[in-house]
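# Chain and residue survey
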Amino acid sequence: MALSNAKSWKPFLDDELEQPYMLILKEFLRLEKNIGKTIYPHSSHWFHALEATPLDEVNVVILGQDPYHQPHQAHGLCFSVQPDVKTPPSLRNIYKELQSDLGIKHALHGCLDSWAKQGVLLLNSVLTVEYDKANAHQGKGWETFTDKIIRTVAEQNENVVFLLWGNYAQKKGAFIDIHKHLVLKAPHPSPLSAHRGFLGCQHFSKANEYLKQHGKKTIHWELPVIAGPV
């Protein structure tokens, strides 16, 4: 468990990786693997969000809860799946809102890597999960580590847009200084709650308007064409 491919984050997170709670988490994950449990995503993708989006390039943060727990889905970015995997329901609703807000047609895949490369930190609160058991790794330590990530962004960067969808994300981001950053809140895009205010929230256009006002490059939310199932 190392940040060798996320060099911009290392000065702020290396010490955190050696904290007692993280050492306990590492041992937990090691034992789970040793008894034959399948953990998603692959360990090479645990820190993919940090690797794809250097700290000094973070202009937008989207917070998720924990990784997808079915085969081949999770690859370390919240709400995102690998290109050859069917787009999950919550992401379909995100695409609906993109179309309503910005006129962007639904992507034919669910890979959000292009957002990450533009400065959108796609961060789950918990970075691992057991196969077929949602939230299986909650309360094991990841939340403390990802709180540190969010605090680092909030302290080191200026004028970041935080998109907090659902009660869980809103509680996790409660400490963010709203005078220094833009915090946009809406219900979760899950089919269970999207109709309560996520659809119609216009967060994508509001984010770009804020970034433009502060002299930052806006996000090109339209995803590139990649072959994959819908």
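The structure under discussion appears in the preceding block.
This section reports on the structure supplied with the text. This structure is a prediction, so every number in the text was calculated from the model and none was measured. (Residues numbered from 1 in each chain as written. Predicted model: local features only at pLDDT ≥ 70, side-chain atom pairs only at ≥ 80, totals over all residues. Heavy atoms only, no water.)

Our next topic: the pairing of strand 6 (residues 182-186). Pairing geometry for strand 5 (residues 161-165) and strand 6, over five bridges, is parallel. Bridging from a neighbouring strand, L163 pairs with L184 of strand 6. As a crossover connection, the stretch from strand 5 through helix 7 (residues 167-172) into strand 6 is right-handed. (Pairing = 2+ DSSP bridges. Helix = DSSP H or I, 4+ residues; strand = E, 2+ residues; numbered from the N terminus. Right-handed = clockwise from strand over helix to strand, strands pointing away.)

Where burial is concerned, most of strand 2 (residues 60-64) is hidden: five out of the five residues are buried. By the alternation rule, side chains of strand 2 split into V60, I62 and G64 and V61 and L63, which are all buried. Pairing of strand 2 with strand 5 involves three bridges; the strand directions are parallel. Note on strand 5: the bridge partner recorded for V61 is F162. (Buried < 20%, exposed > 50% of the residue type's maximum accessible area, 1.4 Å probe, protein only.)

Within the structure shown, the criterion is met by 11 aromatic pairs. Summarising the aromatic geometry, the rings of W115 and F204 are spaced 6.1 Å apart at their centres and angled 50° between planes, so their arrangement reads as tilted. Of the two residues, W115 is situated in helix 5 (residues 113-117) and F204 in helix 8 (residues 203-213); the sequence distance between them amounts to 89 residues. We note that W115, like F204, is buried. The structure contains a cluster of three or more aromatic residues connected by ring pairs, namely F79, W115, W165, F198, F204 and W221. Across from the ring centre of F175, 3.9 Å away, lies the NZ or CZ of R151, which sits over that ring. (Phe/Tyr/Trp six-rings, centres within 6.5 Å; stacked < 30°, edge-to-face > 60°. Lys NZ or Arg CZ within 6 Å of the ring centre and 35° of its normal.)

Our focus in this paragraph is unusual backbone geometry. What you tend to see is this: most non-glycine residues have negative phi, and most peptide bonds are trans. Cis geometry marks the peptide bond from Y40 to P41, where omega comes out at -10°. Even without being glycine, H72 reaches a positive phi, approximately 70°. Positive phi, normally seen in glycine, also occurs at N135, with a value near 65°. Inspection of the secondary structure assignment puts N135 in the loop between strand 4 (129-130) and helix 6 (142-156). A relative accessible area of 32% means that N135 is categorised as partly exposed.

Attention shifts here to the pattern of salt bridges. Taken as a whole, this structure holds seven salt bridges when the rule is applied. E130 is paired through a salt bridge with K133; the nearest N and O atoms lie 3.7 Å apart. Sharing partners across several salt bridges, the network here consists of E32, K37, E130 and K133. (Salt bridge = Lys/Arg side-chain N within 4 Å of Asp/Glu carboxyl O.)

The subject of this paragraph is the packing of helix 4 (residues 89-102) against helix 8. Between helix 4 and helix 8, the least distance of the axes is 8 Å, while the angle of their chain directions is 60°. Between helix 4 and helix 8, the crossing angle belongs to the class labelled oblique. For the pair formed by helix 4 and helix 8, the contact residues are I94, E97, L98, D101 and L102 on the first element and H203, F204 and S205 on the second. Tallied by class, residues from the contact of helix 4 with helix 8 come to four nonpolar, two polar and two charged. (Axes fitted to C-alpha atoms, helices over the stretch in contact; angles between N-to-C directions. Parallel < 35°, antiparallel > 145°, perpendicular 65-115°, else oblique. Contact = heavy atoms within 4.5 Å. Nonpolar A, V, L, I, M, F, W, Y, C, P; charged D, E, K, R; others polar.)

Moving on, we come to helix 4. Between its terminal C-alpha atoms helix 4 stretches 20 Å, which fits the 20 Å expected from 14 residues at 1.5 Å a residue. Along helix 4, the positions that sit buried rather than exposed are S90, L91, N93, I94, Y95, E97, L98 and D101. Those residues of helix 4 hidden inside the fold are in contact with helix 5, strand 5 and helix 8. One or two steps after helix 4, the chain reaches G103, where phi turns positive at roughly 70°. (Expected span 1.5 Å × (residues − 1).)

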